[in-house]
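Chain and residue survey
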Amino acid sequence: MKYRNLGRTGITVSEISLGCEHLQGKEYETVKSVIDAAIEEGINFLDIFMSEPKVRTNIGKALEGRRKDVIIQGHIGACWVNGQYKVSRDIKECTEAFEDLLKRLQTDYIDVGFIHFVDKETDWDTLLESEIMKYVLSLKEKGVIRAIGMSSHDPVTAKKAIETGIIDVLMFSLNPAYDLVPKERDMTEIFNEVIEGKKQDYSALTLENARAELYRACEEKGVAITVMKSLAMGTLLSEKRSPLGVAMTEAQCINYALTRPSVAAVMVGMQKPCEVKSAVEYYKLSDEERDHSRVLGSLGMFNASGRCMYCNHCLPCPSMIDIASVNKYLDLVELDGRPAQSVKAHYFALERTADECIGCGICEKRCPFNVKIVERMGKAVKMFGIKE
């Protein structure tokens, strides 16, 4: 394992780190086996954004006696309200959720306290003068958090926050598909062309300006980037699902992220010990095997607009639908080509299915990737039917 400075914080973290989101819903034994494998491989950095109580408790129990061996980035504003994940700006909800995180992790400090999911300039502007910001600053002053972070998918908003000097670490969605865009082309059209198998010239690639400016700003301010969505939720690894038309390897995606300015760590989602082993195989590969340029040199990219990334930032849902899971099962049929009949049993095992969608559209306003969620719920009903 190799390690990097986490920007100006004075903290050192493993280049490949553990995104814990896929541990939600797993039994304690599985959670512990993944954390044991990660620490054994030299991974010392964990992202815990999940607000669901059981996964927090399981991670805390798995880390018992080893808290000082790991660096934790925990999120302020990721709450559990009425049995669902919720992005909140309510000071009472945020305070209770953060105190719950400390209690369940059996710790009295979090290394990097992240202001969770800031994707609009207006959201950041409001946060600056809010009780939430006062709370975050007070946590740092008291030493309850060692550094202040922010998670975002939007480069303009992220840059605006970075330039205030408040943010020490930025968690940002970063992969080649997001960064590189064909000039003067609509990304949704390009995505559709790739899915439909239409051949176009995607050779004119350029780093999207807002992202380039963000990375430069992070470098100038000494702000570290911790990477989320490095594999685009696995779609870049699948020839059928990737808009590249070919599959990249996990190592190529990791290599791309680690070669971007200011990147300190790539948070890789892992839910089995074998997935930990797979991620750290990166260091045993040759430079040629890790090289991403041979793929990017000949193929075009897309951005994630209109594509569900299964992040569940669209929640909470008034009908309690697990929107990400519905989209995931729909994608298995539409993109992976699996028979609908073979997916149905998994779909109907969900507590709430798409036919319970009331079409309110609140989810679409929250979605960072502009997914037409209501329309996709309708597609799922047509695809799978209604639970008997």
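Attention in this report is confined to the structure presented alongside it. (Residues numbered from 1 in each chain as written. Predicted model: local features only at pLDDT ≥ 70, side-chain atom pairs only at ≥ 80, totals over all residues. Heavy atoms only, no water.)

**Focus: the overall build of the protein**
Rule in force here: A run of DSSP states H or I qualifies as a helix once it reaches four residues; a run of E qualifies as a strand once it reaches two. Both are numbered from the N-terminal end. Exposure categories follow from relative accessible area, calculated using a 1.4 Å probe and restricted to protein chains: below 20% of the type maximum is buried, above 50% is exposed, and the middle band is partly exposed. In what follows, residue pairs with any heavy atoms lying within 4.5 Å of each other are defined as contacts. Residue exposure ignores everything except the shown protein chains as possible cover, and the areas themselves are Shrake-Rupley values with a 1.4 Å probe.
Secondary structure summary: the protein contains 17 helices and 14 strands in total. For the protein, buried positions account for 54% of its 388 residues. Contacts in the protein between residues far apart in sequence, at least 24 positions, make up 76% of those at least 6 positions apart. Surface exposure of the protein reaches about 16,900 Å², of which carbon and sulfur atoms provide 48%.

**Digging into the sheet that holds strand S10 (residues 169-173)**
Backbone-to-backbone hydrogen bonds pair the strands of a sheet. The strands run either parallel or antiparallel. Put simply, the rule reads: When DSSP finds at least two bridges between two strands, those strands are taken to pair. Comment: axis = line fitted to C-alpha atoms, over the contacting stretch for helices; angle = value between 0 and 180 degrees taken between N-to-C directions.
The strand order around the closed barrel built from eight strands is S3-S4-S5-S8-S9-S10-S13-S14, with neighbouring strands paired in parallel fashion. Averaged over all neighbouring strand pairs, the angle between strand axes comes to 30°, with direction disregarded. One ladder, built from four bridges, connects strand S5 (residues 71-76) with strand S8 (residues 110-115); its direction is parallel. Of the residues in S8, the one forming a bridge with Gln 73 is Val 112. Helix H3 (residues 91-104) rests against strand S4 (45-48), S5, S8 and strand S9 (145-152) of the sheet, and its axis sits at about 160° to S5. Its contacts with the sheet place helix H6 (residues 155-162) against S9 and S10, and it is angled at close to 155° to S9.

**Comments concerning the packing of aromatic side chains**
For clarity, the threshold we go by: Between rings of Phe, Tyr and Trp, where Trp is taken as its six-membered ring, a pair exists when centres lie within 6.5 Å; planes separated by under 30 degrees are stacked, by over 60 edge-to-face, and by other angles tilted.
Evaluation of the coordinates by the stated rule reveals six aromatic pairs. Summarising the aromatic geometry, the rings of Phe 49 and Tyr 85 are spaced 5.9 Å apart at their centres and angled 80° between planes, so their arrangement reads as edge-to-face. Placement of Phe 49 in the loop between S4 and helix H2 (53-62) and of Tyr 85 in strand S7 (residues 84-87) is noted, with a sequence separation of 36 residues between them. For the pair shown, Phe 49 and Tyr 85 are each scored as buried. Consider the rings of Tyr 347 and Phe 384, whose centres lie 4.5 Å apart with planes at 25°: the pair is stacked. Here Tyr 347, found in helix H15 (residues 340-348), pairs with Phe 384, found in helix H17 (residues 373-384); they are 37 residues apart in sequence, far enough to count as distant. Looking at Tyr 347, the relative accessible area reads 0%, which means it is buried. By relative accessible area, Phe 384 is classed as buried at 2%.

**Things to note about the packing of H15 against H17**
Any two packed helices are characterised by the angle at which their axes cross and by the distance between the axes. Spelled out, the test is: Each residue receives one of three labels: charged for Asp, Glu, Lys and Arg, nonpolar for Ala, Val, Leu, Ile, Met, Phe, Trp, Tyr, Cys and Pro, and polar for the others, Gly being one of them.
Contact geometry of H15 with H17 gives a least axis separation of 10 Å together with a crossing angle of 115°. When H15 is examined against H17, the residues Ala 340, Val 343, Lys 344, Tyr 347 and Phe 348 are found in contact with a partner set consisting of Ala 380, Met 383 and Phe 384. Along the lines of polarity and charge, the residues of the contact of H15 with H17 split into seven nonpolar, no polar and one charged.

**Comments concerning unusual backbone geometry**
The peptide bond linking Leu 315 to Pro 316 adopts the cis configuration, its omega dihedral lying at 5°. Among the structural elements, Pro 316 can be located in the loop between helix H13 (293-296) and helix H14 (323-334). For Met 320, which is not glycine, the phi torsion reads 65° and is therefore positive. When you line up the elements, Met 320 lands in the loop between H13 and H14.

**Brief notes about the state of the cysteines**
The line we're drawing: Cysteine sulfurs are considered disulfide-paired once they come within 2.5 Å of each other.
One pass over the structure, following the stated rule, counts zero disulfides. Looking at Cys 79, it has no disulfide partner, and the nearest cysteine sulfur is the one in Cys 94, 4.3 Å off. Using a relative accessible area of 1% as the deciding quantity, one classes Cys 79 as buried. Just so you know, Cys 360 is unpaired, no disulfide at all, and the nearest cysteine sulfur is the one on Cys 363, 5.8 Å from it.

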